[in-house]
Amino acid sequence: MEPLRGEAKDNPAASANLFSRTFFCWLNPLFRTAYKRRLEEDDMYRVLPEDASQRLGDELQWYWNEEVRKAATDLRPPELTRVLLQCYWRSYLVIGIYIFIAEIIKVIQPVLLAKLIEYFERHNLVDSAAVHEAYGFAAAICLSTVGLATLNHLYFYNVQRVGMKIRVAMCHIIYRKALCLNSRALAKTTTGQIVNLLSNDVNKFDEVTMFLHFLWVAPLQAAAVTLLLICAIGPSCLARMVVFFLLLPIQIMFGRLFSRLRAGTAVLTDDRIRTMNEVISGIRVIKMYGWEEPFGALVDDIRRLEISKIMKSSYLRSLNMASFFVANKIIIFITVCVYVLTGNRLSASRVFMAVSLYGAVRLTITLFFPLAMEKISETLISIRRIKNFLLLDEVAPHHLGLPMTEKTDCIVEIQDLICYWDQILEAPTLQNVSFTVRPEQLLAVIGPVGAGKSSLLSAILGDLSQESGVVKVKGELSYTSQEPWIVPGTIRSNILFGKELNPQKYNRVLRACALKRDMDLLPGGDLAMVGDKGANLSGGQKARVSLARAVYQDADIYLLDDPLSAVDAEVGRHLFEECICGLLKKKPRILVTHQLQYLKAADQIVVLKEGQMVALGTFNELQGSGLDFTSLLEEKEVQEERLCATPVPGIVSRFHHTLSNSSLSSVSSPSSSLHSLIEQAEPLAGVVQPAEVESRSEGNVGLRMYMKYFKAGANFLVLFILFFLNAIAHITFVLQDWWLACWASEQKHINVTEHLNGSFPQQLDLDLYLGVYAGLTAASVLFGFLRSLVFFNVLVSSAQTLHTSMFNAVLRTPIRFFTINPIGRILNRFSKDIGYLDSLLPWTFVDFIQVFLQVVGVVAVAALVIPWILILLFPLLTVFLFLRRYFLQTSRDIKRLEATTRSPVFSHLSVSLQGLSTIRAFRVQQRFQHMFDEYQDRHSEAWFLFLTTSRWFAVRLDGICSVFITIAAFGCLYFRDGLQPGAVGLTLSYAVTLTDMFQWGVRQSAEIENMMTSVERVVEYAELEKEAPLETDRQPPHDWPNTGSIIFDRVNFSYSAREPLVLKNLSVVITPGEKDPVLFTGTMRKNLDPFRQHTDEDLWNALQEVQMKAAVEELPNKLETVLTEAGSNLSMGQRQLVCLARAVLQKNRILIIDEATANVDPRTDSLIQQTIQDKFQECTVLTIAHRLNTIIDCDRILVLDAGSVQEYDEPYVLLQNRRGLFYQMVQQTGEAEAASLLRAAKQVHANKTRATDARCAKDICVIFETSL
């Protein structure tokens, strides 16, 4: 495993001075770099030590372990919430000081504003003392604005860092837990669920930490504001408390509804991502069966349920946001009504002090406080989900390795072992198993499919916990799994697996594992990159790389789970003699195998049947025992000898792109005895795909992308209505305040008239003013709610449409896309990016539009009151536009880096879960945890820059706002002649709101552009290259195909335009196809018949024909038994048989069998081959196999070399050509076996000749490929 990257740059934040830290000046060099060129990962700064994943994770893990221990003592369930509070309360509480002081300043500012407006209400504006006092208040307003901005940014920067720390720490312990899950726990969870925990649930910590402090700040601020209002306008202000107490239960109800909807949405999202994971993993099978549309409908159904929950959540959120914007208007309206109806006269100073005080608490009370409630409810759901995951069962601690001096004492001893995979099953998985393996001993484990052979190795590894009995292991274990596990990286890194390179030892291992020739042929040799799941290696190559990894570890004990099934005869013999009985001969070895020809070399043989050990002894002892051992070796009549046949030399590695991950080609690097066959062959240029870096766009997210986003959710008419609603809502929003200012100014005019003329008190027409005021308030409320509801509906509909487009495009894209893109990378777009489109982006978009319109309103009002202010606004606008462009140049790159550094986190998780048994057997959990931490740190580097650059921008925006407020305050004083107090009050009260609002709105606009990169990424996948259509205008006849023939006429084929041809001028009747042992989470019925097209009788008959009926009948719910993810609660052989049964049910004219029986015992293989011959007489059958005895009776055999046809004829005819490749392959099986195969081929030829006139339509063809 290669280092993730070179040395990162030192983080300048660590050494920055106080001024630089406060105003984020240390980021200036990064902004200059980003303005000149695109930022790359190397431009990011090393994560700060206190933000490192390992440090944070270890700390949280310690607290969690303590909580689990205390909970067990107190007989209560552990609480993850308590752990988080214990770990982070101190640092988080200190940050609250910033917001506490900031909120005090917010309350003081309206008092200063009232004092300034009082100056304009005076009858004498030229009193020098009053003027100086007014200038003092103006200066105080400006200074408080600067202080408020600084404290706000320090608060939000620090709380977001705390959120990041909690998220990183939580991801660390989730991954650590994933590495420890036992079999029962893995049956209760899925890769999709764990990905969802890491992609969506942990993000709630980023959100909740921003608003949590407002739960205690908001009540304190509300109390302080109430006291000030009582002093200013008397008991009338208490009307707002009535409104507040009416809104509070509504907010609580919203919070509970959010909680329920969030829980329901999370379950459906888990289900969708799990299904997506299975679809992507089994895409080759889906495409082969033409199941794109049914599986598309399946995902669409889940998505429809999910989006209905999201839409309901969005409507609640829209009401919540609308209430934030209209609640203040309602409160002020009620307060003013009560104030004037109780006989009081309006004054600008009192009105706009009240308006400003309400404005000061508006964000806190009507936005941040409800958001805190909402985020807490969502976070508690996520915490509960994470806690449930963390409480899943773990494997028992692994056995410790021995010191070097005790290496001779290595032993595996098992006594009376009884194990269960599932306690529900009546019969144990293993029972009555006892044996001992010592150094220099080879124990072979054999038995039919589902006998418990792999389970036995799992029990030794500790993955399968024992119910009773003893498992004693002394020494370090090394293990090769039945399904070879390849880590994305180089071939060398897969073999070394973290060990130091020892050239001599490394070359010995390559030779012993028959990989030396592969390294010579592959471009780049052992430094060639392999993709996800080793997608660009053949099955045989993956098996040998997996074996080489185990051998290179130089462990004490070796557990080998059927490593020979994926390779041909000569390579299999080479591996057995040179590796298993060569390099490893001094070690205790346990070999699970179906290759019975090697049993004579075993020191002991264990025979398992239905989980019980029915025999133990040497080959000779068992052969004379008369037990089940003989039934595995014997077949009917003449086939007795043939069952010991060695597997056939296989097919070459160039079919790796479309063929099964499990067992297809194997002779890509034969031993020396095969070199004569391939000496003149050309090298395999282009076999290995280099690891492709995830694409990321550059520059602006264009208008075209925004149009695509909106048009995905609505037509032009709806978009026009949305535009109209936004405009009219904000016009009424501003007019309501404008009318209040006019009312106050008119009242002042009446007061002045009374004072100057000494006339009787005059009364305003309250009906008129209150009537208009009430109408404007009602309009702003109505249109405010309408625009919010419509906006959310449009944007959530966009998310649904884009998800559907992306999913359909991914389903219909060529298979090469899945070869060069890891599953984690694809799932990232369906989880994280779609998650943004579902919830964050709509909320941010609506918020931005509303804030933007408010800012426009502030500037418009200021310009109407003081037209000269426009002259000074142009320079400020120029600075702002440059600053925004300057910032976005950096921000976009950082957000894209954040997205691309996030994908490896999910890919690493997916890869780790696939190879969990191997990771634990090699005891490299710490190394994989360290790699995960490195990936997290790299993502944190991007995230940290995202947080700090946002703050850098916000600080400077607030600087512009402070200048604007200063201009407005001093401008009102300078142009005081002729200004009405109401106009001044309206202007300054609006201007003061800019401090938070302007930078928030601009940051939200930047956040939108950043999140639009998720839209960009989704659209990129929605526009993937498409395969040919599933249906064409020209339809075949109703009974097509009636013969099942396939004709390739001079076909040349490559896997992409950039790669060389792998089939050259191919003209044959039948060509290779594919088969994957792919199962889906769901019932056995669903896996056999996903779309319920067959009766139960059909299903049982298909299972009977592949020898699986008895095994399924023993399951607790038979056909309704739920198979866990990837069918992991079945053995590898059973999975292959279920897939074969699925193929049998299709009853197609063409049956393709690609190593369908590679992992089953010879007896089952023979019975299945007989079933195929009996049941598929009317079918064209294409068989790809390694066992010569199973295909020697085929009609024709096709031999390929370097993609070209070398031989194509009946087996007997091919065997007459002593120079032919097929003849040489048969001879390599040994003299006795070659003679047996020749007799069988001759008999088939004779039978076929006699039956020429009555020949049936059956046409069975076998394809072999040499190493090229």
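Rules and cut-offs
Residues numbered from 1 in each chain as written. Predicted model: local features only at pLDDT ≥ 70, side-chain atom pairs only at ≥ 80, totals over all residues. Heavy atoms only, no water. UniProt positions renumbered as here; feature names shortened; annotations may be inferred. Helix = DSSP H or I, 4+ residues; strand = E, 2+ residues; numbered from the N terminus. Buried < 20%, exposed > 50% of the residue type's maximum accessible area, 1.4 Å probe, protein only. Contact = heavy atoms within 4.5 Å. Phe/Tyr/Trp six-rings, centres within 6.5 Å; stacked < 30°, edge-to-face > 60°. Core = buried A, V, L, I, M, F, W, Y, C linked by side-chain atoms within 4.5 Å. pLDDT = per-residue confidence, 0-100. Disulfide = S-S within 2.5 Å. Pairing = 2+ DSSP bridges. 1 Å grid on protein atoms, 1.4 Å probe; cavity = no way out; pocket = protein on both sides within 12 Å on 5 of 7 lines; lining within 4 Å. Points joined across faces, edges and corners; volume = space filled by probe spheres on them. Nonpolar A, V, L, I, M, F, W, Y, C, P; charged D, E, K, R; others polar. Salt bridge = Lys/Arg side-chain N within 4 Å of Asp/Glu carboxyl O. Polar contact = N/O pair within 3.5 Å; in protein donor to acceptor, adjacent residues only side chain to side chain. Axes fitted to C-alpha atoms, helices over the stretch in contact; angles between N-to-C directions. Left-handed = near helix turned anticlockwise from the far one by under 90°. Expected span 1.5 Å × (residues − 1). Bend = angle between axes of the 7 residues up to and from the residue. Parallel < 35°, antiparallel > 145°, perpendicular 65-115°, else oblique. Patch = residues over 30% accessible without salt bridge, like charges linked within 9 Å, V, L, I, M, F, W, Y side chains within 5 Å. Areas by Shrake-Rupley, 256 points an atom, 1.4 Å probe, with all protein chains shown as cover.

Under the annotation held in an unreviewed UniProt entry, the chain carries the name Multidrug resistance-associated protein 4 and is attributed to Betta splendens. Quoted verbatim from the Cofactor (unreviewed entry) field of UniProt, the annotation for the chain is "Mg(2+)". What the UniProt record of the chain gives under Subunit (unreviewed entry) is the line "Interacts (via PDZ-binding motif) with SNX27 (via PDZ domain); this interaction accelerates MRP4 internalization."

(A) Inspection of the overall build of the chain at higher detail. Each helix and strand in the chain was counted, giving 40 helices and 20 strands. Here the chain, with 1268 residues, has 62% of them falling under the buried criterion. In the chain, once contacts between residues fewer than 6 apart in sequence are set aside, the share between residues at least 24 apart is 84%.

(B) Layout of the packing of aromatic side chains. Under the definition given, this model contains 39 aromatic pairs. Ring geometry for Trp-485 and Phe-497: centres 6.0 Å apart, planes at 85°, overall edge-to-face. A residue pair is termed long-range when its members are at least 10 positions apart, and Trp-485 in the loop between strand E5 (477-480) and strand E6 (489-490) and Phe-497 in the loop between helix H15 (491-496) and helix H16 (503-512) qualify at 12 residues. Of the two residues examined, Trp-485 and Phe-497, each falls in the buried class. On the basis of an interplanar angle of 20° and a centroid distance of 4.5 Å, the ring pair of Phe-576 and Tyr-598 is categorised as stacked. Residue Phe-576 is found in helix H19 (residues 569-583), and its partner Tyr-598 is found in the loop between strand E9 (589-592) and strand E10 (604-609); the two are separated by 22 residues along the sequence.

(C) Inspection of the nonpolar core at higher detail. By size, the foremost hydrophobic cluster in this structure holds 311 residues, and its most contacted members are Met-170, Phe-435, Ile-460, Ile-590 and Phe-845. Dropping the residues within four chain positions of it, Ile-590 is found in contact with Val-412, Phe-435, Val-437, Leu-443, Val-445, Leu-457, Ile-460, Tyr-558, Leu-559 and Leu-560. If you look at the next biggest cluster of nonpolar residues, it comprises 18 residues, including Ala-1102, Val-1112, Leu-1119 and Val-1138.

(D) Molecular detail of the confidence of the model for the chain. A residue-level look at the chain finds 82% of positions with pLDDT of 70 or above and a mean pLDDT of 77. When pLDDT is averaged over each helix and strand of the chain, the minimum, 28, is found for helix H22 (residues 675-678) and the maximum, 91, for E9. Predicted confidence is poor over residues 399-405, with pLDDT under 50, and the contacts of this stretch with residues over four places away or in other chains come to 15 contacts. In this model, residues 633-691 is a region of pLDDT below 50 whose contacts with residues beyond four sequence positions or in other chains number 211 contacts.

(E) Region of interest: the state of the cysteines. Counting across every chain of the model gives zero disulfides. Between Cys-581, a cysteine without a disulfide, and Cys-579, which holds the nearest cysteine sulfur, the sulfur-to-sulfur distance is 9.2 Å.

(F) Representation of unusual backbone geometry in the model. For Asn-432, which is not glycine, the phi torsion reads 55° and is therefore positive. Inspection of the secondary structure puts Asn-432 in strand E2 (residues 430-437). A positive phi angle, near 55°, is found at Arg-923, a position not held by glycine. As for its placement among the helices and strands, Arg-923 is situated in the loop between helix H29 (916-921) and helix H30 (925-974). Taking the relative accessible area as the measure of exposure, Arg-923 reaches 30% and is therefore partly exposed.

(G) Broad picture of the pairing of strand E11 (residues 612-617). Bridge count between E10 and E11: five bridges; the pairing is antiparallel. By the bridge assignment, Leu-608 is partnered in E11 with Met-613. Here E10 folds back onto E11 in antiparallel fashion, the turn holding two residues, of which Glu-610 has a positive phi close to 55°.

(H) Main features of the environment of Pro-981. Looking at the element boundaries, Pro-981 is found in helix H31 (residues 981-1022). In this structure the C-alpha to C-alpha distance between Pro-981 and Ala-741, which are 240 residues apart in sequence, comes to 8.0 Å.

(I) Fine view of empty space enclosed by the protein. Considering all chains together, one arrives at 19 cavities of 30 Å³ or more under this definition. Here the largest cavity is characterised by a volume of approximately 950 Å³. Taken together, 44 residues make up the lining of the largest cavity; nearest its centre are Glu-207, Lys-375, Tyr-836, Ser-839 and Leu-840. In terms of residue count, helix H27 (residues 823-865) provides more of the lining of the largest cavity than any other element does, nine residues in total. Each residue belonging to the lining of the largest cavity can be placed in one class, and the counts come to 14 nonpolar, 15 polar and 15 charged. Taken as a whole, the second largest cavity holds about 670 Å³ of empty space. Lining the second largest cavity we find 43 residues, and of these Gly-359, Arg-362, Leu-363, Thr-993 and Met-997 sit closest to its centre. When residues of the lining of the second largest cavity are traced back to their parent elements, those giving at least two are helix H4 (80-121), helix H5 (128-178), helix H12 (292-341), helix H13 (348-390), helix H24 (716-757), H27 and H31. Among the elements that take part in the lining of the second largest cavity, H31 stands out by supplying 10 residues, more than any other. Classifying every residue of the lining of the second largest cavity by side-chain character gives 22 nonpolar, 12 polar and nine charged.

(J) Up close: the pattern of salt bridges. Counted by the stated rule, this structure contains 41 salt bridges. Here Arg-812 makes a salt bridge to Glu-292, at a shortest N to O gap of 3.6 Å. With Arg-812 in helix H25 (residues 766-812) and Glu-292 in helix H12, this pair connects stretches of sequence that are 520 residues apart. For Glu-292, a relative accessible area of 4% corresponds to the buried category.

(K) View of the environment of Thr-269. Note that Thr-269 resides in helix H10 (residues 238-281). We classify Thr-269 as buried; its relative accessible area is 7%. As for Thr-269 and Glu-306, which are separated by 37 residues in sequence, their C-alpha atoms are 6.6 Å apart. Discounting chain neighbours no more than four positions away, the residues touching Thr-269 are Asn-196, Asn-200 and Glu-306. A polar side-chain atom of Thr-269 sits 2.6 Å from a polar atom in the side chain of Glu-306.

(L) Representation of the packing of helix H7 (residues 191-201) against H13 in the model. Look at H7 against H13: their axes get within 11 Å of each other, and the N-to-C directions meet at 145°. Judged by the sense of rotation from one axis to the other, the crossing of H7 with H13 is left-handed. Taken together, the residues of H13 that come into contact with H7 (itself represented by Ile-194, Asn-196, Leu-197 and Asp-201) are Ser-382, Arg-385, Ile-386 and Phe-389. Among the residues making up the contact of H7 with H13, the classes are represented as four nonpolar, two polar and two charged.

(M) Highlighting H13. End to end, H13 covers 60 Å across 43 residues, agreeing with the expected 63 Å (1.5 Å per residue, within 8%). Of all the bends in H13, the greatest, near 45°, is centred on Val-361. In terms of burial, H13 is largely enclosed, as 36 of its 43 residues are buried.

(N) Up close: the packing of H4 against H13. At a closest axis distance of 9 Å, the pairing of H4 and H13 adopts a crossing angle of 170°. It follows that H4 is roughly antiparallel to H13 by the angle criterion. Residues belonging to the contact of H4 with H13 are distributed by class as follows: 18 nonpolar, four polar and five charged.

(O) Geometry of the pairing of strand E3 (residues 442-446). Of all five residues making up E3, five are buried, and the element is well covered by its neighbours. Both faces of E3 are covered, namely the face carrying Leu-442, Ala-444 and Ile-446 and the face carrying Leu-443 and Val-445. Here E3 runs beside E9; their pairing, made up of four bridges, is parallel. Paired with Leu-442 across the two strands is Arg-589, which belongs to E9. Looking at chain direction, E3 and E10 are connected through four bridges and run parallel. Residue pairing in the sheet places Ala-444 in a bridge with Ile-605 of E10.

(P) Up close: a nonpolar patch on the surface. Together, Val-94, Ile-97, Phe-100, Ile-101, Ile-104, Ile-108, Trp-216 and Leu-220 make up an exposed nonpolar region whose accessible area comes to about 710 Å². The leading source of residues in the nonpolar patch is H4, at six residues. Its place among the elements puts Ile-104 in helix H4. Accessibility expressed as a relative area gives 38% for Ile-104, which makes it partly exposed.

(Q) Broad picture of the side chain of Thr-275. With respect to the element layout, Thr-275 can be found in helix H10. Contacts of Thr-275, omitting those with residues within four sequence positions, involve Leu-298, Val-299 and Ile-302.

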